[in-house]
Amino acid sequence: MNIAEETQILDAIGKWLERDVRPKARELEKKDEYPDAMVETMKQLGLFGATIPQEYGGLGLPASTYAKVVARISEVWMSLTGIFNSHLIMAAAVARFGTEAQKKAFLPKFASGEVRGGLALTEPDCGTDLQAIRTRAVRDGDHYVINGTKTWISNGIKGSCFALLVKTDPNAKPRHQGMSLFLAEKGPGFRVSKKLEKLGYKGIDSAELIFEDYRVPADRLIGGVEGKGFHHAVGGLELGRINVAARGVGVANAALKDAVAYAQVRKTFGKPICEHQAIQLKLGEMATRCEAARLLVESAARAYDAGERCDMEAGMAKYFASEAALENSIEAVRIHGGYGYSTEFNVERYYRDAPLMCIGEGTNEMQRIIIAKQLIARNPA
Ligand SMILES: Cc1cc2nc3c(=O)[nH]c(=O)nc-3n(C[C@H](O)[C@H](O)[C@H](O)COP(=O)(O)OP(=O)(O)OC[C@H]3O[C@@H](n4cnc5c(N)ncnc54)[C@H](O)[C@@H]3O)c2cc1C
(Lines give C-alpha, C1' and ligand atoms only; values in the text may rest on other atoms or scores of the structure.)
Protein backbone atom coordinates (compact mmCIF):
# COMPACT_ATOMS: atom_id res chain seq x y z
CA MET A 1 0.00 0.00 0.00
CA ASN A 2 1.49 3.36 -0.99
CA ILE A 3 1.13 6.61 0.93
CA ALA A 4 -1.46 8.05 -1.48
CA GLU A 5 -3.74 5.01 -1.06
CA GLU A 6 -3.38 5.13 2.71
CA THR A 7 -4.17 8.85 2.76
CA GLN A 8 -7.27 8.25 0.64
CA ILE A 9 -8.59 5.63 3.08
CA LEU A 10 -7.84 7.75 6.14
CA ASP A 11 -9.47 10.81 4.53
CA ALA A 12 -12.67 8.88 3.73
CA ILE A 13 -12.81 7.62 7.31
CA GLY A 14 -12.06 11.08 8.69
CA LYS A 15 -14.96 12.61 6.71
CA TRP A 16 -17.36 9.93 7.91
CA LEU A 17 -16.25 10.44 11.52
CA GLU A 18 -16.82 14.18 11.44
CA ARG A 19 -20.08 13.97 9.47
CA ASP A 20 -21.84 11.00 11.09
CA VAL A 21 -20.05 9.82 14.20
CA ARG A 22 -18.90 12.83 16.22
CA PRO A 23 -22.36 14.46 16.32
CA LYS A 24 -24.06 11.23 17.47
CA ALA A 25 -21.50 9.39 19.61
CA ARG A 26 -22.37 10.96 22.97
CA GLU A 27 -26.09 10.36 22.64
CA LEU A 28 -25.73 6.74 21.50
CA GLU A 29 -23.17 5.99 24.17
CA LYS A 30 -25.39 7.45 26.90
CA LYS A 31 -28.25 5.21 25.80
CA ASP A 32 -25.90 2.27 25.24
CA GLU A 33 -27.54 1.97 21.82
CA TYR A 34 -26.06 -0.12 19.01
CA PRO A 35 -25.01 2.18 16.16
CA ASP A 36 -26.90 0.40 13.34
CA ALA A 37 -26.66 3.29 10.85
CA MET A 38 -22.91 3.64 11.45
CA VAL A 39 -22.45 -0.08 10.90
CA GLU A 40 -24.06 0.28 7.45
CA THR A 41 -21.52 2.97 6.52
CA MET A 42 -18.72 0.86 8.01
CA LYS A 43 -19.71 -1.87 5.54
CA GLN A 44 -19.49 0.61 2.66
CA LEU A 45 -16.10 1.82 3.84
CA GLY A 46 -14.89 -1.78 3.73
CA LEU A 47 -14.03 -1.88 7.44
CA PHE A 48 -15.36 -5.42 7.93
CA GLY A 49 -12.83 -6.57 5.36
CA ALA A 50 -10.03 -4.19 6.34
CA THR A 51 -7.37 -6.86 6.88
CA ILE A 52 -8.97 -9.67 4.82
CA PRO A 53 -6.90 -10.43 1.68
CA GLN A 54 -8.11 -8.73 -1.50
CA GLU A 55 -8.58 -12.05 -3.30
CA TYR A 56 -11.44 -12.77 -0.85
CA GLY A 57 -13.04 -9.35 -1.19
CA GLY A 58 -11.24 -7.49 1.59
CA LEU A 59 -9.11 -4.34 1.52
CA GLY A 60 -6.00 -6.32 2.49
CA LEU A 61 -4.64 -3.46 4.60
CA PRO A 62 -1.25 -3.95 6.22
CA ALA A 63 -1.24 -3.78 10.04
CA SER A 64 0.48 -0.38 9.91
CA THR A 65 -2.39 1.20 7.95
CA TYR A 66 -5.01 -0.71 9.91
CA ALA A 67 -3.55 0.63 13.17
CA LYS A 68 -3.90 4.19 11.87
CA VAL A 69 -7.53 3.53 10.92
CA VAL A 70 -8.25 2.15 14.40
CA ALA A 71 -6.51 5.05 16.16
CA ARG A 72 -8.40 7.59 14.04
CA ILE A 73 -11.80 6.03 14.81
CA SER A 74 -10.97 5.56 18.51
CA GLU A 75 -10.21 9.25 18.79
CA VAL A 76 -13.91 9.88 18.10
CA TRP A 77 -15.62 6.78 19.54
CA MET A 78 -13.53 3.80 20.57
CA SER A 79 -16.49 1.38 20.77
CA LEU A 80 -16.88 1.36 16.99
CA THR A 81 -13.53 -0.37 16.54
CA GLY A 82 -14.74 -3.33 18.63
CA ILE A 83 -17.47 -3.99 16.09
CA PHE A 84 -14.97 -4.89 13.38
CA ASN A 85 -11.84 -5.83 15.28
CA SER A 86 -12.79 -9.16 16.87
CA HIS A 87 -14.66 -9.88 13.63
CA LEU A 88 -11.36 -9.41 11.77
CA ILE A 89 -9.48 -11.64 14.21
CA MET A 90 -12.03 -14.38 13.48
CA ALA A 91 -11.46 -13.73 9.76
CA ALA A 92 -7.68 -13.81 10.25
CA ALA A 93 -7.94 -17.26 11.85
CA VAL A 94 -9.76 -18.49 8.71
CA ALA A 95 -7.41 -16.67 6.32
CA ARG A 96 -4.27 -17.98 8.04
CA PHE A 97 -5.31 -21.47 9.14
CA GLY A 98 -8.57 -22.34 7.36
CA THR A 99 -9.03 -24.82 4.52
CA GLU A 100 -9.47 -23.39 1.02
CA ALA A 101 -13.17 -24.33 1.15
CA GLN A 102 -13.59 -22.43 4.45
CA LYS A 103 -11.84 -19.36 3.02
CA LYS A 104 -14.04 -19.36 -0.08
CA ALA A 105 -17.23 -19.95 1.89
CA PHE A 106 -16.69 -17.42 4.67
CA LEU A 107 -14.15 -14.70 3.88
CA PRO A 108 -16.16 -12.85 1.18
CA LYS A 109 -19.20 -12.70 3.49
CA PHE A 110 -17.05 -11.52 6.37
CA ALA A 111 -15.41 -8.89 4.15
CA SER A 112 -18.71 -7.39 3.02
CA GLY A 113 -20.09 -7.38 6.57
CA GLU A 114 -23.00 -9.58 5.46
CA VAL A 115 -21.90 -12.08 8.12
CA ARG A 116 -20.40 -10.45 11.19
CA GLY A 117 -19.15 -11.87 14.46
CA GLY A 118 -16.15 -12.24 16.67
CA LEU A 119 -14.06 -14.40 18.89
CA ALA A 120 -15.51 -16.63 21.62
CA LEU A 121 -12.68 -17.70 23.91
CA THR A 122 -13.39 -16.48 27.44
CA GLU A 123 -15.55 -18.48 29.86
CA PRO A 124 -17.07 -17.56 33.22
CA ASP A 125 -14.25 -19.40 35.03
CA CYS A 126 -11.32 -18.45 32.84
CA GLY A 127 -9.95 -15.77 30.59
CA THR A 128 -6.19 -15.45 30.99
CA ASP A 129 -5.77 -19.19 31.52
CA LEU A 130 -7.43 -20.14 28.24
CA GLN A 131 -6.24 -23.72 28.41
CA ALA A 132 -8.61 -24.22 31.36
CA ILE A 133 -11.75 -23.78 29.22
CA ARG A 134 -14.49 -26.35 29.70
CA THR A 135 -16.65 -25.94 26.59
CA ARG A 136 -16.60 -29.41 25.07
CA ALA A 137 -17.02 -30.64 21.49
CA VAL A 138 -17.69 -34.34 20.91
CA ARG A 139 -17.60 -35.88 17.44
CA ASP A 140 -20.88 -37.44 16.29
CA GLY A 141 -20.69 -38.68 12.69
CA ASP A 142 -20.13 -35.73 10.38
CA HIS A 143 -20.94 -33.25 13.17
CA TYR A 144 -19.58 -32.18 16.54
CA VAL A 145 -21.90 -31.64 19.51
CA ILE A 146 -20.90 -28.66 21.64
CA ASN A 147 -21.84 -27.84 25.24
CA GLY A 148 -20.57 -24.94 27.34
CA THR A 149 -20.74 -21.24 28.15
CA LYS A 150 -18.73 -18.31 26.80
CA THR A 151 -18.80 -14.87 28.33
CA TRP A 152 -17.80 -11.30 27.53
CA ILE A 153 -18.16 -12.00 23.83
CA SER A 154 -18.03 -8.80 21.80
CA ASN A 155 -20.71 -8.65 19.07
CA GLY A 156 -22.39 -11.57 20.84
CA ILE A 157 -25.89 -10.26 20.17
CA LYS A 158 -25.59 -8.56 16.78
CA GLY A 159 -23.07 -11.02 15.35
CA SER A 160 -24.07 -14.35 13.84
CA CYS A 161 -20.79 -16.26 13.49
CA PHE A 162 -17.99 -16.80 16.03
CA ALA A 163 -14.60 -18.44 16.16
CA LEU A 164 -15.39 -20.72 19.09
CA LEU A 165 -12.62 -22.26 21.18
CA VAL A 166 -13.47 -25.67 22.63
CA LYS A 167 -11.91 -28.78 24.11
CA THR A 168 -12.00 -31.75 21.77
CA ASP A 169 -9.81 -33.78 24.15
CA PRO A 170 -10.10 -32.62 27.76
CA ASN A 171 -7.46 -35.13 28.92
CA ALA A 172 -4.74 -34.00 26.49
CA LYS A 173 -1.33 -33.20 27.92
CA PRO A 174 -0.15 -30.55 27.31
CA ARG A 175 -3.68 -29.13 27.60
CA HIS A 176 -3.49 -27.00 24.45
CA GLN A 177 -3.23 -30.12 22.27
CA GLY A 178 -6.82 -30.94 23.17
CA MET A 179 -8.19 -27.61 21.94
CA SER A 180 -9.92 -26.80 18.64
CA LEU A 181 -11.39 -23.71 17.01
CA PHE A 182 -14.72 -23.89 15.16
CA LEU A 183 -16.67 -21.44 13.05
CA ALA A 184 -19.97 -21.50 14.90
CA GLU A 185 -23.02 -19.88 13.32
CA LYS A 186 -26.08 -19.13 15.38
CA GLY A 187 -28.78 -21.80 15.19
CA PRO A 188 -30.54 -24.38 17.35
CA GLY A 189 -28.56 -25.03 20.55
CA PHE A 190 -26.60 -21.74 20.34
CA ARG A 191 -28.25 -18.88 22.21
CA VAL A 192 -27.46 -15.55 23.82
CA SER A 193 -28.28 -15.81 27.53
CA LYS A 194 -27.67 -12.19 28.52
CA LYS A 195 -26.34 -8.82 27.54
CA LEU A 196 -23.58 -7.70 29.93
CA GLU A 197 -23.71 -4.22 31.46
CA LYS A 198 -20.41 -2.33 31.46
CA LEU A 199 -18.56 0.67 32.87
CA GLY A 200 -17.80 1.96 29.37
CA TYR A 201 -17.33 0.56 25.85
CA LYS A 202 -21.04 1.22 25.39
CA GLY A 203 -23.00 0.81 22.18
CA ILE A 204 -21.26 -2.43 21.29
CA ASP A 205 -22.89 -5.58 22.63
CA SER A 206 -20.97 -7.83 25.06
CA ALA A 207 -22.82 -11.04 25.78
CA GLU A 208 -22.85 -14.42 27.41
CA LEU A 209 -23.36 -17.25 24.92
CA ILE A 210 -24.69 -20.69 25.80
CA PHE A 211 -24.19 -23.87 23.78
CA GLU A 212 -26.54 -26.74 24.57
CA ASP A 213 -26.15 -29.80 22.35
CA TYR A 214 -25.26 -27.37 19.56
CA ARG A 215 -24.48 -29.36 16.41
CA VAL A 216 -21.85 -27.95 14.12
CA PRO A 217 -20.79 -29.65 10.86
CA ALA A 218 -17.32 -31.17 11.10
CA ASP A 219 -16.17 -29.08 8.13
CA ARG A 220 -16.44 -25.96 10.33
CA LEU A 221 -13.39 -27.06 12.31
CA ILE A 222 -10.86 -24.40 11.27
CA GLY A 223 -8.06 -26.09 9.31
CA GLY A 224 -9.90 -29.44 9.50
CA VAL A 225 -7.57 -30.94 12.13
CA GLU A 226 -8.30 -31.24 15.85
CA GLY A 227 -5.84 -30.00 18.47
CA LYS A 228 -4.67 -26.80 16.77
CA GLY A 229 -7.28 -24.44 18.23
CA PHE A 230 -5.14 -22.83 20.91
CA HIS A 231 -2.43 -22.07 18.37
CA HIS A 232 -5.04 -20.67 15.95
CA ALA A 233 -6.68 -18.54 18.63
CA VAL A 234 -3.53 -17.02 20.08
CA GLY A 235 -2.05 -16.69 16.57
CA GLY A 236 -4.43 -13.79 16.01
CA LEU A 237 -3.56 -12.06 19.23
CA GLU A 238 -0.52 -10.15 17.93
CA LEU A 239 -2.73 -8.31 15.44
CA GLY A 240 -5.36 -8.02 18.17
CA ARG A 241 -2.83 -6.44 20.52
CA ILE A 242 -1.64 -3.99 17.88
CA ASN A 243 -5.29 -3.06 17.42
CA VAL A 244 -5.90 -2.57 21.14
CA ALA A 245 -2.73 -0.49 21.32
CA ALA A 246 -4.02 1.64 18.42
CA ARG A 247 -7.28 2.14 20.31
CA GLY A 248 -5.16 3.31 23.24
CA VAL A 249 -3.39 5.80 20.98
CA GLY A 250 -6.76 7.12 19.79
CA VAL A 251 -8.20 7.57 23.29
CA ALA A 252 -4.95 9.06 24.64
CA ASN A 253 -4.94 11.55 21.73
CA ALA A 254 -8.59 12.45 22.22
CA ALA A 255 -7.96 13.17 25.92
CA LEU A 256 -4.94 15.31 25.04
CA LYS A 257 -6.78 17.28 22.34
CA ASP A 258 -9.76 18.00 24.59
CA ALA A 259 -7.44 19.02 27.43
CA VAL A 260 -5.37 21.33 25.21
CA ALA A 261 -8.52 23.03 23.90
CA TYR A 262 -10.15 23.39 27.32
CA ALA A 263 -6.98 24.64 29.03
CA GLN A 264 -6.89 27.62 26.65
CA VAL A 265 -10.46 28.78 27.28
CA ARG A 266 -10.90 28.09 30.99
CA LYS A 267 -9.57 30.97 33.07
CA THR A 268 -8.63 31.08 36.74
CA PHE A 269 -6.87 33.88 38.60
CA GLY A 270 -7.08 36.09 35.53
CA LYS A 271 -5.41 33.83 32.99
CA PRO A 272 -6.10 30.68 30.95
CA ILE A 273 -5.26 27.59 33.01
CA CYS A 274 -2.75 26.52 30.31
CA GLU A 275 -0.54 29.30 31.67
CA HIS A 276 -0.35 27.66 35.09
CA GLN A 277 2.70 25.48 35.40
CA ALA A 278 0.78 22.66 37.11
CA ILE A 279 -1.38 22.29 33.97
CA GLN A 280 1.60 22.64 31.64
CA LEU A 281 3.32 19.71 33.39
CA LYS A 282 0.25 17.57 32.76
CA LEU A 283 -0.02 18.58 29.09
CA GLY A 284 3.69 17.94 28.54
CA GLU A 285 3.43 14.43 29.99
CA MET A 286 0.23 13.68 28.09
CA ALA A 287 1.67 14.73 24.73
CA THR A 288 4.84 12.71 25.31
CA ARG A 289 2.80 9.60 26.16
CA CYS A 290 0.80 10.02 22.94
CA GLU A 291 3.88 10.26 20.79
CA ALA A 292 5.64 7.34 22.51
CA ALA A 293 2.52 5.16 22.23
CA ARG A 294 2.12 6.00 18.54
CA LEU A 295 5.74 5.12 17.80
CA LEU A 296 5.51 1.80 19.67
CA VAL A 297 2.39 0.87 17.68
CA GLU A 298 4.07 1.82 14.41
CA SER A 299 7.13 -0.24 15.22
CA ALA A 300 5.07 -3.32 16.23
CA ALA A 301 2.89 -3.01 13.12
CA ARG A 302 5.97 -2.70 10.90
CA ALA A 303 7.43 -5.89 12.39
CA TYR A 304 4.09 -7.68 11.93
CA ASP A 305 3.88 -6.58 8.28
CA ALA A 306 7.45 -7.77 7.68
CA GLY A 307 6.42 -11.22 8.95
CA GLU A 308 8.80 -10.96 11.91
CA ARG A 309 8.08 -12.42 15.33
CA CYS A 310 6.60 -9.48 17.21
CA ASP A 311 4.99 -10.74 20.41
CA MET A 312 7.35 -8.57 22.48
CA GLU A 313 6.79 -5.50 20.30
CA ALA A 314 3.00 -5.96 20.20
CA GLY A 315 3.02 -6.53 23.97
CA MET A 316 5.02 -3.34 24.60
CA ALA A 317 2.72 -1.31 22.34
CA LYS A 318 -0.41 -2.74 23.92
CA TYR A 319 0.85 -2.26 27.48
CA PHE A 320 2.18 1.26 27.02
CA ALA A 321 -0.57 2.67 24.80
CA SER A 322 -3.41 1.35 26.97
CA GLU A 323 -1.81 2.74 30.14
CA ALA A 324 -1.26 6.02 28.24
CA ALA A 325 -4.99 6.14 27.45
CA LEU A 326 -5.86 5.53 31.10
CA GLU A 327 -3.40 8.12 32.43
CA ASN A 328 -4.29 10.73 29.82
CA SER A 329 -8.00 10.28 30.41
CA ILE A 330 -7.76 10.88 34.17
CA GLU A 331 -5.48 13.88 33.57
CA ALA A 332 -8.01 15.28 31.08
CA VAL A 333 -10.73 14.87 33.72
CA ARG A 334 -8.57 16.74 36.25
CA ILE A 335 -7.80 19.53 33.78
CA HIS A 336 -11.53 19.96 33.16
CA GLY A 337 -12.13 20.33 36.91
CA GLY A 338 -15.80 19.83 37.82
CA TYR A 339 -16.76 19.75 34.14
CA GLY A 340 -14.54 16.71 33.73
CA TYR A 341 -16.99 14.84 35.91
CA SER A 342 -19.95 15.96 33.82
CA THR A 343 -21.50 13.85 31.09
CA GLU A 344 -21.72 17.01 28.97
CA PHE A 345 -18.04 16.60 28.11
CA ASN A 346 -16.37 13.62 26.47
CA VAL A 347 -13.48 13.22 28.89
CA GLU A 348 -15.52 11.18 31.39
CA ARG A 349 -16.22 8.73 28.55
CA TYR A 350 -12.51 8.34 27.79
CA TYR A 351 -11.97 7.64 31.49
CA ARG A 352 -14.62 4.89 31.44
CA ASP A 353 -13.45 3.44 28.11
CA ALA A 354 -9.71 3.34 28.78
CA PRO A 355 -9.51 0.51 31.38
CA LEU A 356 -10.87 -1.99 28.86
CA MET A 357 -7.70 -1.63 26.81
CA CYS A 358 -5.67 -2.62 29.90
CA ILE A 359 -7.71 -5.86 30.22
CA GLY A 360 -8.67 -7.02 26.69
CA GLU A 361 -6.44 -9.13 24.39
CA GLY A 362 -4.35 -10.24 27.36
CA THR A 363 -4.18 -8.17 30.53
CA ASN A 364 -1.34 -5.72 31.03
CA GLU A 365 -0.01 -7.93 33.82
CA MET A 366 0.41 -10.69 31.21
CA GLN A 367 1.91 -8.30 28.66
CA ARG A 368 4.75 -7.44 31.02
CA ILE A 369 5.36 -11.14 31.65
CA ILE A 370 5.41 -11.82 27.88
CA ILE A 371 7.84 -8.93 27.34
CA ALA A 372 10.14 -10.17 30.10
CA LYS A 373 10.11 -13.78 28.82
CA GLN A 374 10.96 -12.64 25.28
CA LEU A 375 13.66 -10.38 26.63
CA ILE A 376 15.31 -13.34 28.35
CA ALA A 377 14.82 -15.61 25.32
CA ARG A 378 16.38 -13.08 22.95
CA ASN A 379 19.28 -12.34 25.29
CA PRO A 380 20.62 -15.66 26.59
CA ALA A 381 23.41 -15.28 29.16
C1 LIG B 1 -15.68 -5.36 27.46
C2 LIG B 1 -14.99 -6.68 27.27
C3 LIG B 1 -15.00 -7.28 26.03
C4 LIG B 1 -14.41 -8.54 25.85
N5 LIG B 1 -14.50 -9.16 24.63
C6 LIG B 1 -14.11 -10.46 24.52
C7 LIG B 1 -14.35 -11.20 23.32
O8 LIG B 1 -14.86 -10.67 22.33
N9 LIG B 1 -14.00 -12.50 23.28
C10 LIG B 1 -13.42 -13.15 24.34
O11 LIG B 1 -13.15 -14.32 24.24
N12 LIG B 1 -13.17 -12.47 25.51
C13 LIG B 1 -13.51 -11.15 25.62
N14 LIG B 1 -13.29 -10.46 26.80
C15 LIG B 1 -12.67 -11.17 27.92
C16 LIG B 1 -11.24 -10.73 28.20
O17 LIG B 1 -10.41 -11.20 27.18
C18 LIG B 1 -10.88 -11.28 29.59
O19 LIG B 1 -11.64 -10.57 30.54
C20 LIG B 1 -9.41 -11.15 29.86
O21 LIG B 1 -8.68 -12.03 29.06
C22 LIG B 1 -9.07 -11.43 31.33
O23 LIG B 1 -9.60 -12.65 31.72
P24 LIG B 1 -10.48 -12.75 33.05
O25 LIG B 1 -11.49 -11.68 33.01
O26 LIG B 1 -10.95 -14.15 33.19
O27 LIG B 1 -9.47 -12.41 34.22
P28 LIG B 1 -8.55 -13.46 35.01
O29 LIG B 1 -7.86 -14.34 34.04
O30 LIG B 1 -9.36 -14.10 36.06
O31 LIG B 1 -7.47 -12.48 35.67
C32 LIG B 1 -7.73 -11.75 36.86
C33 LIG B 1 -6.47 -10.99 37.26
O34 LIG B 1 -5.39 -11.91 37.51
C35 LIG B 1 -4.27 -11.57 36.69
N36 LIG B 1 -3.58 -12.81 36.29
C37 LIG B 1 -4.15 -13.94 35.79
N38 LIG B 1 -3.21 -14.87 35.58
C39 LIG B 1 -2.01 -14.30 35.91
C40 LIG B 1 -0.65 -14.76 35.90
N41 LIG B 1 -0.31 -15.96 35.45
N42 LIG B 1 0.32 -13.89 36.30
C43 LIG B 1 0.00 -12.66 36.73
N44 LIG B 1 -1.27 -12.16 36.77
C45 LIG B 1 -2.26 -12.99 36.37
C46 LIG B 1 -4.85 -10.84 35.48
O47 LIG B 1 -3.88 -10.02 34.86
C48 LIG B 1 -5.96 -10.04 36.15
O49 LIG B 1 -5.39 -8.90 36.76
C50 LIG B 1 -13.79 -9.18 26.96
C51 LIG B 1 -13.74 -8.54 28.20
C52 LIG B 1 -14.33 -7.31 28.37
C53 LIG B 1 -14.30 -6.65 29.73
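Predicted model, so just to flag it, every value in this text is computed and none were measured.

(A) Focus on the packing of aromatic side chains. Counted under the stated rule, the structure contains 9 aromatic pairs. Considering the side-chain rings of Phe190 and Phe211, the 4.5 Å spacing of their centres and the 40° angle between planes classify their relative orientation as tilted. Pair noted here: Phe190 is in strand S6 (residues 190–195) and Phe211 is in strand S7 (residues 206–217), with a separation of 21 residues, a long-range link. Phe211 gets classed as buried once you look at its relative accessible area, which sits at 1%. Against the face of Phe48 rests Arg116, its NZ or CZ located 5.5 Å from the ring centre.

(B) Examining the site of the ligand more closely. Around the ligand, 17 residues are found, and the nearest of them are Leu119, Thr122, Thr128, Trp152 and Thr363. Here a nitrogen atom of the ligand and a backbone polar atom of Leu119 are 2.8 Å apart. Within the side chain of Thr122, an N or O atom sits 2.7 Å from a nitrogen atom of the ligand. Isolated, the ligand exposes 980 Å² of accessible area, and the fraction of that covered by the protein chains is 63%. When the residues that make up the shell around the ligand are grouped by side-chain class, the tally is 11 nonpolar, 5 polar and 1 charged.

(C) Just the nonpolar core, in detail. Trp16 and Phe110 are the most contacted members of the largest nonpolar core, which has 94 residues in total. Looking at this core, the element that brings in the most residues is helix H7 (residues 237–265), giving 14 residues. Ignoring any residue separated from it by four or fewer positions in sequence, one finds Trp16 in contact with Val21, Met38, Thr41, Met42, Leu45, Leu47, Ile73 and Leu80.

(D) Seen up close, helix H11 (residues 364–378). Given a rise of 1.5 Å per residue, 15 residues ought to cover 21 Å, and the 21 Å separating the end C-alpha atoms of H11 matches this to within 8%. Those residues of H11 that sit buried are Asn364, Gln367, Ile371 and Gln374. Viewed along the axis of H11, the buried residues span an arc of 75°, placing them on a single side of the element. Opposite the packed face of H11, turned more than 90 degrees from it, sit the exposed residues Lys373, Ile376 and Ala377.

(E) Molecular detail of helix H10 (residues 347–359). Along H10, the positions that sit buried rather than exposed are Val347, Glu348, Arg349, Tyr350, Arg352, Asp353, Ala354, Met357 and Cys358. Taken from the residues just after H10, Glu361 is the one with a positive phi, measuring 60°.

(F) The arrangement of the packing of helix H1 (residues 3–31) against helix H3 (residues 63–77) in detail. One can describe the packing of H1 onto H3 by two numbers: an axis separation of 8 Å at closest approach and a directional angle of 25°. Taken together, the axis directions place H1 and H3 in an arrangement best described as roughly parallel. Both H1 and H3 take part in a crossing whose hand is right-handed. Of the residues assigned to the contact of H1 with H3, the class counts are 12 nonpolar, 2 polar and 6 charged.

What counts, and where the lines are drawn
- Residues numbered from 1 in each chain as written.
- Predicted model: local features only at pLDDT ≥ 70, side-chain atom pairs only at ≥ 80, totals over all residues.
- Heavy atoms only, no water.
- Phe/Tyr/Trp six-rings, centres within 6.5 Å; stacked < 30°, edge-to-face > 60°.
- Helix = DSSP H or I, 4+ residues; strand = E, 2+ residues; numbered from the N terminus.
- Buried < 20%, exposed > 50% of the residue type's maximum accessible area, 1.4 Å probe, protein only.
- Lys NZ or Arg CZ within 6 Å of the ring centre and 35° of its normal.
- Near = heavy atom within 4 Å.
- Polar contact = N/O pair within 3.5 Å; in protein donor to acceptor, adjacent residues only side chain to side chain.
- Areas by Shrake-Rupley, 256 points an atom, 1.4 Å probe, with all protein chains shown as cover.
- Nonpolar A, V, L, I, M, F, W, Y, C, P; charged D, E, K, R; others polar.
- Core = buried A, V, L, I, M, F, W, Y, C linked by side-chain atoms within 4.5 Å.
- Contact = heavy atoms within 4.5 Å.
- Expected span 1.5 Å × (residues − 1).
- Arc of directions from axis to C-beta.
- Axes fitted to C-alpha atoms, helices over the stretch in contact; angles between N-to-C directions.
- Parallel < 35°, antiparallel > 145°, perpendicular 65-115°, else oblique.
- Left-handed = near helix turned anticlockwise from the far one by under 90°.

No statement about biological role is implied by the geometric values presented.
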